[in-house]
Amino acid sequence: MMLTVDRSRPTTHAGRISRVETLTLGTAWRDFSFVRLHTDEGLTGVGEITHPYRGKQACDLVVAMGERHLLGADPFDVEEIWLRMYQGDFLRGGDIGGIVLSGVDQAVHDIMGKALGVPVYRLTGGACRDSVPVYANGWYTGERSPESFAKRARETVGRGFSALKFDPFGTGLGALSREERTLSLDIVAAVREAVGPDVDLFVEGHARFAMPTASRLVRDLEPYDIGWFEEPLPWTHIERYAELRQRAAMPIAGGEHFHNRYEYRHLFASDAVDIIQPDLCMAGGYTEIRKIAALAEMHGMLVAPHNSNSPFCTTATVHAALGMPQLLVLETFDSLLEDYVADALRGALPISSGRIQLPAKPGIGIELEDDVFAEHPPRSGFWNMFAPGWERRDRS
């Protein structure tokens, strides 16, 4: 196995990687960052490297790693490129390195698809289905009250979504006061009443509760027929997830924070969750997420990919999700972003009636519009999820 670029080997008609660049688009939700690879045959490939709070560091790292491991490489050597960046750069996991590796892996798959004239999903297992179901997140901006959540839930379902996720718990951390617990459950009850019994509801815990609180909440949430309770415990307490699962009537979901199969190892070994949530833009790209999904299938778990990034990540994840036999549903914030985001990401797949159809364009199918990026520079925002009123997402 080569861990340095071997220019003597024959290459494909995609050519060799000749340039690495990054672009960042500012939005009210977060700054969306991307890597764009160029080859000496005139092809380009794009991947998302969005980090919620460390965008500049991710962009700097991808350029530096590009110089060390990508320039001169054949983009079809995906396994070697992945290993070269992971092992050769001594990544050993972590958020920034995991995001960079994920974005580069997407970009080389984008180049491969364009070189062969096929959508990326044809390179990652084909299609097990004709479309991918999605659920809406981020729709509950506004006051933290049952009435406000219910109103916005009805509006979101009115846009065609049949599944919603939300965090009703405010600034709760570790434990909840009696007042906060009552309000949180009233919010869940109001949302369920507003949307009726046929809409899937997923409750987000944001890895914030101690075991006694999480254990009580799984009982409290049972009447509302939720599809899963997500990350009720911190991952520093991963050994207690299996114990909580035994007490819960609903599935337990999690795993968005893990960046490769090695980090997932303890989750699988302890049967911590029923549903894993790998993020294509954090968990190692197409090369790695297929392996993680295969491990989940071996453990009898379902896959619901996490995605709090841009419509690029949504479209890119559709390619991966199409080939996952145990896919449940894909997360999206797409319909809640500014209109110019779609202009910046030309070719992003639309959502219709809560689903995304088969991609048709070669590669991932999205090109970046540099002029729109220039008009909307990074904002460097920060959402403190333990500050009062964070759910309003009001930067002012």
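For clarity, every value in this text was computed on a predicted model and none was experimentally measured.

**Remarks on the overall build of the protein**
Here's step 1: Helix and strand content of the protein: twelve helices and 14 strands.
Here's step 2: Looking at the 396 residues of the protein, the share that counts as buried comes to 59%.
Here's step 3: Contacts in the protein between residues at least 24 apart in sequence constitute 72% of all its contacts with a sequence separation of at least 6.
Here's step 4: Of the roughly 15,600 Å² that the protein leaves accessible, carbon and sulfur atoms contribute 51%.
Here's step 5: Considering the protein, the positive charge centre built from 40 side chains and the negative charge centre built from 54 side chains are found 2 Å apart.

**Overview of the packing of helix α2 (residues 78-88) against helix α9 (residues 285-298)**
Here's step 1: Remark: α2 packs on α9, axes separated minimally by 9 Å, with the N-to-C direction vectors making an angle of 95°. In this view, α2 runs roughly perpendicular relative to α9, as classed from their interaxial angle. Every residue of α9 that contacts α2 at V78, E79 and W82 is listed here: T287, E288 and K291.
Here's step 2: Along the lines of polarity and charge, the residues of the contact of α2 with α9 split into two nonpolar, one polar and three charged.

**Regarding the state of the cysteines**
Here's step 1: The full count for this structure, using the stated rule, is zero disulfides.
Here's step 2: A disulfide-free cysteine, C128 has its sulfur positioned 20 Å from the sulfur of C313, the nearest such atom.

**As for the pattern of salt bridges**
Here's step 1: For the structure on display, the rule yields 23 salt bridges.
Here's step 2: Between D89 and R68 there is a salt bridge; the shortest N-O distance is 2.7 Å. Residue D89 is located in the loop between α2 and α3 (95-116), and its partner R68 is located in helix α1 (residues 55-70); the two are separated by 21 residues in the primary sequence.
Here's step 3: Across the pair D110 and K114 runs a salt bridge whose closest N-O atoms are separated by 3.4 Å. Of this pair, D110 and K114 both sit in helix α3, four residues apart, which is roughly one turn of the helix. Each of the two residues, D110 as well as K114, counts as buried.
Here's step 4: The network of salt bridges with common partners includes R19, E21, R36 and D370.

**Re unusual backbone geometry**
Here's step 1: Of note, the phi angle at A207 is positive, near 50°, even though the residue is not glycine.
Here's step 2: Inspection of the secondary structure assignment puts A207 in the loop between β6 (200-204) and α6 (211-220).
Here's step 3: Even without a glycine there, the phi angle at S380 is positive, about 55°.
Here's step 4: Residue placement: S380 occurs in the segment after α12 (370-375).

**Topic: the sheet that holds strand β3 (residues 44-48)**
The strands making up a sheet are joined through hydrogen bonds of the backbone, oriented either antiparallel or parallel.
Here's step 1: In spatial order, the strands read β1-β2-β3; together these three strands make up an open sheet with antiparallel pairing. A strand with exactly one partner marks an edge of an open sheet, and here the two such strands are β1 (17-25) and β3. Along the sheet, successive strands turn relative to each other by an average axial angle of 20°, direction set aside.
Here's step 2: Where strand β2 (residues 32-39) and β3 come together, five bridges link them in antiparallel fashion. Considered in β3, the bridge of R36 is made with V46.
Here's step 3: Where α1 meets the sheet, its contacts fall on β1 and β2, and the angle it forms with β1 comes to roughly 175°.
Here's step 4: On top of the sheet, α3 reaches β1, β2 and β3; it is set at about 145° to β3, its chief contact.

What counts, and at which threshold
- Residues numbered from 1 in each chain as written.
- Predicted model: local features only at pLDDT ≥ 70, side-chain atom pairs only at ≥ 80, totals over all residues.
- Heavy atoms only, no water.
- Helix = DSSP H or I, 4+ residues; strand = E, 2+ residues; numbered from the N terminus.
- Buried < 20%, exposed > 50% of the residue type's maximum accessible area, 1.4 Å probe, protein only.
- Contact = heavy atoms within 4.5 Å.
- Areas by Shrake-Rupley, 256 points an atom, 1.4 Å probe, with all protein chains shown as cover.
- Lys, Arg positive; Asp, Glu negative; His and termini not counted.
- Charge placed at Lys NZ, Arg CZ, Asp CG, Glu CD.
- Axes fitted to C-alpha atoms, helices over the stretch in contact; angles between N-to-C directions.
- Parallel < 35°, antiparallel > 145°, perpendicular 65-115°, else oblique.
- Nonpolar A, V, L, I, M, F, W, Y, C, P; charged D, E, K, R; others polar.
- Disulfide = S-S within 2.5 Å.
- Salt bridge = Lys/Arg side-chain N within 4 Å of Asp/Glu carboxyl O.
- Pairing = 2+ DSSP bridges.

Read these as spatial facts, not as claims about activity.
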